[in-house]
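Analysis of the macromolecular model
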Amino acid sequence: MSSPGPPVEAVDATAYTVPTDAPEGDGTLAWESTTLVVVRAHSGATTGLGYTYGSPATVQAVEQHLAGVVTGRPVWDVPAANEAMHRAVRNTGRPGLVAGALSAVDIALWDLKARLLDLPLTRLLGACRQEVPVYGSGGFTTYDDDRQDRQLRAWVHGQGIPRVKIKIGGSWGGDAERDRERVIRARRSIGDTAELYVDANGAYTRKQAVRTGVFLAEAGVTWFEEPVSSDDLTGLGQVRAAVTADVAAGEYGYTLPYFHRMLAADAVDCLQADATRCGGITVWLRVAALAEAAGLQISGHCAPHAHAHAAACVPNLRHLEWFHDHTRIEQHLFDGVLDPHGGTVRPGEAQSPGLGLTLRTEAAERYRV
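Right, let's walk through the structure included here.

What counts and how
- Residues numbered from 1 in each chain as written.
- Predicted model: local features only at pLDDT ≥ 70, side-chain atom pairs only at ≥ 80, totals over all residues.
- Heavy atoms only, no water.
- Core = buried A, V, L, I, M, F, W, Y, C linked by side-chain atoms within 4.5 Å.
- Buried < 20%, exposed > 50% of the residue type's maximum accessible area, 1.4 Å probe, protein only.
- Helix = DSSP H or I, 4+ residues; strand = E, 2+ residues; numbered from the N terminus.
- Contact = heavy atoms within 4.5 Å.
- Pairing = 2+ DSSP bridges.
- Right-handed = clockwise from strand over helix to strand, strands pointing away.
- Phe/Tyr/Trp six-rings, centres within 6.5 Å; stacked < 30°, edge-to-face > 60°.
- Lys NZ or Arg CZ within 6 Å of the ring centre and 35° of its normal.
- Expected span 1.5 Å × (residues − 1).
- Salt bridge = Lys/Arg side-chain N within 4 Å of Asp/Glu carboxyl O.

Once that is clear, we can look at the nonpolar core. Counting 106 residues, the largest nonpolar core has Val11, Tyr51, Val105, Val183, Phe224, Met262 and Trp284 as its most contacted members. Per element, the largest residue contribution to this core is eleven residues, and it comes from helix H3 (residues 97-116). Every residue in contact with Val183, bar those within four places of it in the chain, is listed here: Ile166, Ile168, Leu196, Val198, Phe215, Leu216, Ala219 and Val221. One finds Ala22, Phe140, Tyr143 and Cys302 within the second-largest nonpolar core, a separate group that totals six residues.

So, on to the pairing of strand E1 (residues 10-25). Two elements, E1 and strand E2 (residues 30-43), share twelve bridges in a ladder whose sense is antiparallel. Its bridge partner being in E2, Val18 is matched across the sheet by Thr34. As consecutive antiparallel partners, E1 and E2 are separated by four residues.

Turning our attention to the pairing of strand E11 (residues 317-323). Along E11, six of the seven residues are buried, which leaves the element largely enclosed by surrounding structure. As paired elements, strand E4 (residues 132-137) and E11 share four bridges and run parallel to each other. Bridging from a neighbouring strand, Gly136 pairs with Trp322 of E11. A crossover links strand E10 (residues 297-300) with its parallel partner E11, the connecting element being helix H12 (residues 304-311), and its sense is right-handed.

What follows deals with the packing of aromatic side chains. For the coordinates displayed, the defined rule picks out ten aromatic pairs. A centroid spacing of 5.9 Å and a plane angle of 90° characterise the contact between Tyr51 and Tyr53, whose relative ring orientation is edge-to-face. Between Tyr51 and Phe334 the ring centres are 5.3 Å apart and the planes differ by 45°, which places this aromatic pair in the tilted class. Here Tyr51 is found in strand E3 (residues 46-53), whereas its partner Phe334 is found in strand E12 (residues 334-335), with 283 residues between them in sequence. The structure contains a cluster of three or more aromatic residues connected by ring pairs, namely Trp31, Phe140, Tyr143 and Phe323. The lysine or arginine in question, Arg147, covers the ring of Tyr143, its NZ or CZ lying 5.3 Å from the ring centre. Taking the ring centre of Phe215 as reference, the NZ or CZ of Arg180 above it sits at 4.3 Å.

This part covers the side chain of His324. Of note, His324 is situated in helix H13 (residues 324-333). Excluding residues within four positions of it along the chain, His324 makes contact with Asp21, Glu24, Ser137, Phe140, Tyr143, Gln151 and Trp155.

The subject of this paragraph is unusual backbone geometry. With a phi angle near 55°, Cys302 is a residue other than glycine that sits in the positive phi range. Mapped onto the secondary structure, Cys302 falls in the loop between E10 and H12. In this structure, Gln351 is a non-glycine residue whose phi angle is positive, near 65°. Topologically, Gln351 is positioned in the loop between strand E13 (344-345) and strand E14 (358-359). The exposure class assigned to Gln351 is partly exposed, which follows from its relative accessible area of 47%.

Turning our attention to helix H8 (residues 206-218). Relative to the 18 Å expected for 13 residues at 1.5 Å per residue, H8 spans 19 Å between its end C-alpha atoms, a close match to the ideal helical length. Buried residues of H8: Gln208, Ala209, Thr212, Gly213, Phe215 and Leu216, and no others. Where the residues of H8 are buried, they touch helix H6 (170-173), helix H7 (176-190), strand E6 (195-199), strand E7 (221-225) and helix H9 (233-242). Backbone geometry just after H8 places Gly220 at a positive phi near 75°.

All right, on to the pattern of salt bridges then. Tallied over the entire structure, the rule returns 22 salt bridges. Salt-bridge contacts for Arg115 lead to Asp111; the nearest nitrogen and oxygen are separated by 2.7 Å. Residue Arg115 and its partner Asp111 are both found in helix H3; the two are separated by four residues, about one turn of the helix. Using a relative accessible area of 1% as the deciding quantity, one classes Asp111 as buried. Of the charged contacts, one joins Arg277 and Glu251 as a salt bridge, the two residues approaching to 3.9 Å between their closest N and O atoms. One end of the pair, Arg277, is in the loop between strand E9 (270-273) and helix H11 (280-293); the other, Glu251, is in the loop between strand E8 (246-249) and helix H10 (256-264), and 26 residues separate them in sequence. Through salt bridges with shared partners, a single ionic network connects Lys165, Lys167, Asp199, Glu225 and Glu321.

This brings us to the environment of Gly173. Along the chain, Gly173 falls in helix H6. Along the primary structure Gly173 and Thr205 are separated by 32 residues, whereas in three dimensions their C-alpha atoms are 7.9 Å apart. The residues contacting Gly173, other than those within four sequence positions of it, are Ala203, Tyr204 and Gln208.

Moving on, we come to the environment of Val243. Of note, Val243 is situated in the loop between H9 and E8. For Val243, a relative accessible area of 11% puts it in the buried group. Here the alpha-carbon distance between Val243 and Ser137, two residues 106 residues apart in the chain, equals 22 Å. Leave out the neighbours within four places in its chain, and Val243 touches Ala209, Val210 and Gly213.

Function-wise, these values are silent; they only describe arrangement.
What follows is the structure, given as structure tokens:
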């Protein structure tokens with residue numbers, strides 16, 4: 001009988017809270033800092049790195065509920081560890097914060113396995129493409145006109161990213177006139193050829209979203225993210241049927257069955273999933289398969305360096321969100337980050353093992369919680 005391979009010897013987690021470079025907000029929430037939770041999985045002298053964004057309490061979820069579940073398991077059997085974690089947190093409260101913790105551990109285990117095999121994660125999973133399209137994402141409702149303009153121009157005209165997204169739905173949909181003005185200004189900033197996306201973060205009512213969709217069509221907007229709450233699958237489906245822009249949602253999917261229900265409701269034109277929330281790379285790949293079976297594409301939500309390798313390994317990928325809040329943190333705290341110039345990134349090109357990321361320990365220490 002063959003050896004089960006090296007075991008996972010330890011798992012630990014650390015939270016880093018990083019201030020934003022300016023106040024950020026969307027239609028429903030505002031914030032001035034973001035917490036990165038880094039998980040490390042160890043086997044011998046090799047360490048795998050995973051992460052999520054969320055509450056610093058995620059560290060306790062990792063250490064108290066998950067580390068002991070995966071420690072001692074064979075490094076090679078990541079899906080088995082993922083299933084064991086799912087079962088272990090059934091009564092802890094699987095969605096939300098715990099899902100983020102589980103996802104970060106899963107990503108760290110995939111990174112550890114690839115590092116032990118000295119392979120980029122794209123090689124381990126099996127790539128479908130060398131280049132992963134990205135879109136610039138920011139345009140927060142807290143930005144003034146000048147800051148929004150500079151950000152959009154930097155992406156489109158500076159880095160050659162041909163698709164960008166701004167936030168709308170200010171004040172829970174109560175600032176429709178400003179929404180319109182900001183969309184008009186965004187189109188002026190990026191020109192006629194770049195794609196323009198918007199994200200309402202569930203701020204609108206159903207009819208309000210449909211009325212907004214008429215204006216968005218006039219402005220050439222092709223992506224309408226969370227026009228209503230992603231909990232309202234019926235409403236998403238109604239908006240989808242009434243507007244010309246592609247309706248997208250799924251970032252708050254914490255379990256695989258949620259995505260099945262979203263697809264069964266015909267709620268979206270493109271399925272979003274977040275590997276740092278939905279169950280890690282293991283479950284993200286399964287979500288992509290669900291979408292493919294339904295004839296839809298998948299888009300990776302935020303945390304771009306956690307998604308890039310997996311995104312290169314699914315045939316029905318549309319793109320990956322190059323989210324300002326997260327890319328700024330990842331570029332500051334990680335070595336091995338990707339370059340989005342030209343509108344794509346090339347995960348695995350450097351042939352670094354795993355995700356290719358290394359935490360800049362000294363730079364991160366000042367933000368440690």
